[in-house]
Amino acid sequence: MDTLIQLIISGALLGGVYALAALGLNLIFGVAKVINFAHGEFLMLGMYAGYWLMTLTGINPYYGAPIIAVAFFLLGAVFYLGIMRFTIYRPELTQVFVTLGLSIALQNLALMFWQADYRTIQTMPQGMSSLQLGGMHLPTDRVIAFGFAMAILIAVIIFLRKTFTGRAIEAVSQDLMAAQLMGINPQKIFVLTFGLGIAITGVAGGVLIPSFYAFPSVGTFFVLVAFVVVVLGGLGSVTGTIVGGLGLGIIETLGGYVAPDLKEALPFVLLILLLAIRPHGLLGIKGAEKETLK
């Protein structure tokens, strides 16, 4: 029983990290109906941002999260204004090819500037790398990342539901034409959403660097996991992102314990089953997976 509890808690901690990594992807899709295949590369850049922030300035990425958030918000705004606004009303394949091309470009730029070396940092003093809870030992960095994930996810939910700007974002996500008739400028909402989505992704990378290695192609793994989380929880649902992330983390951890050889395959088996049985996810709106901007 103790082993099962340990596995569930470890899986939930991992799932919180997965949820944070997927939130920006789901937020941008929910509003702009754009599936960003470069999402993993923005997270990779966030990991490098956390690494270089501590390496060059000594600022712990946990404390430097606001700096990363501001920098990546601006990067997200530039991403939309410089690239995505020209594709926002185009066919979905245009958006796929553009974001996929950006993904390849960012990977190769990272490879050119930082080579293929694996990089990570140690943020905890010696002897504080794990926390003891009863008879269980939990990685301190993973616990802190989980705390960041839950705080950011809750803050985003409150922002969307309790503020005028957040409700405007939700209005655009639900009915673009009706939102325009109510005086909402969708272009401003798209800029804000891309900025917010990429900022969250950058912070996710910054808090993940103590637990994972940064290298130019690390985003490929995280973007695949993010897609599974988004499909599991529901396209366009922030609450679903939390449920999907926690569910995937627990399933992966338990499955890895029972059948270690299948651990890497479990998320994708789950993805195939979900797409066949419930493509709109656990908390998604039926038909959201087919929606496009007209």
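Our subject is the structure that appears above.
In this text, all values refer to a predicted model and were calculated from it rather than measured experimentally. (Residues numbered from 1 in each chain as written. Predicted model: local features only at pLDDT ≥ 70, side-chain atom pairs only at ≥ 80, totals over all residues. Heavy atoms only, no water.)

Concerning the nonpolar core
Then, number 1: Grouped together as the largest cluster of nonpolar side chains are 82 residues, with contacts concentrated most on F42, M47, V172, F194, F222 and L248.
Then, number 2: The element best represented in this core is helix α1 (residues 2-32), accounting for 14 residues.
Then, number 3: For V172, the residues in contact, after removing those within four places along its chain, are V31, A179, I184, I189 and F190. (Core = buried A, V, L, I, M, F, W, Y, C linked by side-chain atoms within 4.5 Å. Buried < 20%, exposed > 50% of the residue type's maximum accessible area, 1.4 Å probe, protein only. Helix = DSSP H or I, 4+ residues; strand = E, 2+ residues; numbered from the N terminus. Contact = heavy atoms within 4.5 Å.)

Brief notes about the pairing of strand β2 (residues 136-139)
Then, number 1: Burial along β2 is one-sided: M136 and L138 are buried, while H137 and P139, pointing the other way, are not.
Then, number 2: In the sheet, strand β1 (residues 130-133) pairs with β2 via 4 bridges, with the strands oriented antiparallel. Bridging from a neighbouring strand, L131 pairs with L138 of β2. (Pairing = 2+ DSSP bridges.)

Remarks on a nonpolar patch on the surface
Then, number 1: A surface patch of nonpolar side chains, about 340 Å² in accessible area, is lined by I59, Y63 and I67.
Then, number 2: Its place among the elements puts I59 in the loop between α2 (39-57) and α3 (65-82).
Then, number 3: On the basis of relative accessible area, I59 is assigned to the partly exposed category, the value being 31%. (Patch = residues over 30% accessible without salt bridge, like charges linked within 9 Å, V, L, I, M, F, W, Y side chains within 5 Å. Areas by Shrake-Rupley, 256 points an atom, 1.4 Å probe, with all protein chains shown as cover. Salt bridge = Lys/Arg side-chain N within 4 Å of Asp/Glu carboxyl O.)

Regarding the packing of aromatic side chains
Then, number 1: According to the stated counting rule, one finds 13 aromatic pairs in the structure shown.
Then, number 2: With centroids separated by 5.6 Å and ring planes inclined at 65°, the aromatic side chains of F79 and F194 adopt a geometry described as edge-to-face. Note that F79 is positioned in helix α3 and F194 in helix α8 (residues 186-208), a separation of 115 residues in sequence.
Then, number 3: Their ring planes at 70° and their centres at 5.2 Å tell us that F221 and F222 sit as a pair that is edge-to-face.
Then, number 4: Judged by its relative accessible area of 2%, F222 falls in the buried class.
Then, number 5: Each member of the aromatic cluster is reached from another via a ring pair, and the members are F42, F79, Y80, F190 and F194. (Phe/Tyr/Trp six-rings, centres within 6.5 Å; stacked < 30°, edge-to-face > 60°.)

Comments concerning unusual backbone geometry
Then, number 1: The phi dihedral of K33 falls on the positive side, at around 55°, and the residue is not glycine.
Then, number 2: Summarising the element assignment, K33 is placed in the loop between α1 and α2.
Then, number 3: Of note in the backbone geometry, Q115 takes a positive phi value of approximately 55° without being a glycine.
Then, number 4: Summarising the element assignment, Q115 is placed in the loop between α4 (92-114) and β1.

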